Amino acid sequence: MKRIKYFLDEDIQKFLFNEIKINNLEIVPNSFKQIYFNKIVEFIIAFIELLYILLRNWNKKKKIDFNRVWGIARVPHGKRGIEKAVADVCVIEDYGINDSIIDYVNFGERLIIGFRAIGISIKINQNLTKFYNRCGIKVYKFYRIRIPQYALFISALDMIIGRYSGKILYSSQIIDRFAFAEHVISKQQGCIKICIPHGLEPVEIEGEYPCDEMWCISKYTADLLSKKHSKQHFVYHEDVIKRLYSRNRKAKVCNKIVFFSQGERYLNETVYWINILKQYISKSKFYNKLIFKFRYNTEVLSKYGTALDDVIVSDDIDECLSSKVCISFYSTTLLEALYNNSYAVAINCDYLEQNPDFVLNQLSDIRKIYSEQDLIDVLDDIEKQQKEKYM
């Protein structure tokens, strides 16, 4: 386990800062005191959490095909992306407690992985005391329960990839701590790690991207990142992107509007725009349905109150992206819509304005909305285009 030492230096902090930005964690410097870190407490937390994960479905073991190239995904759509982009690939799933990377080893190997993970967890948290001092107690509490899972991932991946004879490892992870672990371990194994992002690539990050090569979703992004990170390889494969995003559905009239949720952190904005859309559709003779596509199965729909009354709630991503008017905040779904005979409409565009290099800013087909009147004008224009085309 010599590779484990690479996870105890300051490199990991760059990826934690990226995660802090993504999760909108509040940084309160100097609120963390080193007395909060206690090896005994950290051991108990790690032991209980890891024991539960290790004993869950202890007799379950998934098979790995050693004759195929490997990929690794931590979300289901990441797996689908890798399978669409790469022929004959075996994707290792690590979606959390219910579908963990440890499901690929037997019970005896689980115990070895678990004991190693407890030690790794304590060492990583101890090593991050300066990081916690810089970020504060809220960040510490966020990570103290997540580091044991991360340590388990490191320990399990280190064992599993040691049996891999291939020279390429595909991954859907972009810039988080798991992507960093994959890169370090695959590098030690002599593998080239290729990232096939399951979402939009951020262009402003702390440090380098944790991969040897990234398949970007646009030529603009590939060229931009190549200039910013000259030591890494960024490429754009148009045929791959089409395979990733096209649903191959028959084109038809776009008279249904789909609002794609971006999670509960945009709850108030979502309710505001859905109510506007409901009023608009109630008066329209062209648009006949408003569909709400939730982002996660864990999303609590009751929090949206009466906003979802008379709205169709769907989890069918393929149908929601095909021949629809797709509305969202900044999201990959806006890019996917363009490959499926749909219109892409971005609302609350302050984020896009603040990040001019963001890929969605470079696509003229994505319509940007800043006000209620902007939205009405865009929907009216789409109606006119569709009537000219189909009616």
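Just so it is clear, the structure is predicted and the values come from calculations on it, not from any experiment.

1. Focus on helix α9 (residues 219-228)
Then, in step 1: Turning to α9, its buried residues number three or more, namely T221, A222, L224 and L225.
Then, in step 2: Looking at the buried side of α9, the elements it contacts are β5 (213-215) and β6 (233-235).

2. Considering the confidence of the model for the chain
Then, in step 1: Looking at the chain, the pLDDT average stands at 84 and 90% of residues meet or exceed 70.
Then, in step 2: This model gives residues 1-6 a pLDDT under 50, and the stretch forms twelve contacts once residues within four places in sequence are excluded.

3. Some thoughts on the nonpolar core
Then, in step 1: Formed by 53 residues in total, the largest nonpolar core has its most connected members in I101, I102, F131, Y143 and Y150.
Then, in step 2: Aside from chain neighbours lying at most four places away, what touches F131 is Q13, L16, F17, I20, V139 and Y143.
Then, in step 3: In terms of nonpolar packing, the next biggest core, distinct from the first, is built from 32 residues, C254, I274, Y287 and F329 among them.

4. Section: the pairing of strand β11 (residues 343-346)
Then, in step 1: Taking every second residue as pointing to the same face, both faces of β11 are buried, with Y343 and V345 on one and A344 and A346 on the other.
Then, in step 2: By the bridge criterion, four bridges tie strand β10 (residues 325-328) to β11 in an arrangement that is parallel. Each residue of the ladder has a partner; that of V325, found in β11, is Y343.
Then, in step 3: As judged from the three bridges shared by β11 and strand β12 (residues 366-368), these two strands associate in the parallel manner. The residue bridging A344 from the neighbouring strand is I366, located in β12.

5. Remarks on the sheet that holds strand β3 (residues 168-171)
Then, in step 1: The six strands are arranged β2-β1-β3-β4-β5-β6 in an open sheet whose pairing can be described as parallel. Edge strands, defined here as strands with exactly one partner in the open sheet, are β2 (89-93) and β6. In this sheet, adjacent strand axes meet at a mean angle of 25 degrees when their direction is disregarded.
Then, in step 2: Its contacts with the sheet place helix α3 (residues 76-85) against β1 (69-73), β2, β3 and β5, and it is angled at close to 170 degrees to β2.

6. As for the sheet that holds β10
Then, in step 1: Spatial ordering of the open sheet is given by β9-β8-β7-β10-β11-β12, a layout of six strands whose pairing is parallel. Edge positions in the sheet fall to β9 (312-314) and β12, since each of these pairs with one other strand and no more. This sheet shows a mean twist of 25 degrees between the axes of neighbouring strands, independent of strand direction.
Then, in step 2: In this structure, strand β7 (residues 256-260) lies alongside strand β8 (residues 289-293), joined through five bridges in parallel fashion. In the sheet register, K256 faces β8, and the bridge partner there is K289.
Then, in step 3: Helix-sheet contacts for helix α11 (residues 267-283) involve β7, β8 and β10, and the interaxial angle to β8 is about 160 degrees.
Then, in step 4: Here helix α15 (residues 372-390) sits on the sheet in contact with β7, β10, β11 and β12, set at roughly 175 degrees to β11.

What counts and what doesn't
- Residues numbered from 1 in each chain as written.
- Predicted model: local features only at pLDDT ≥ 70, side-chain atom pairs only at ≥ 80, totals over all residues.
- Heavy atoms only, no water.
- Buried < 20%, exposed > 50% of the residue type's maximum accessible area, 1.4 Å probe, protein only.
- Helix = DSSP H or I, 4+ residues; strand = E, 2+ residues; numbered from the N terminus.
- Contact = heavy atoms within 4.5 Å.
- pLDDT = per-residue confidence, 0-100.
- Core = buried A, V, L, I, M, F, W, Y, C linked by side-chain atoms within 4.5 Å.
- Pairing = 2+ DSSP bridges.
- Axes fitted to C-alpha atoms, helices over the stretch in contact; angles between N-to-C directions.

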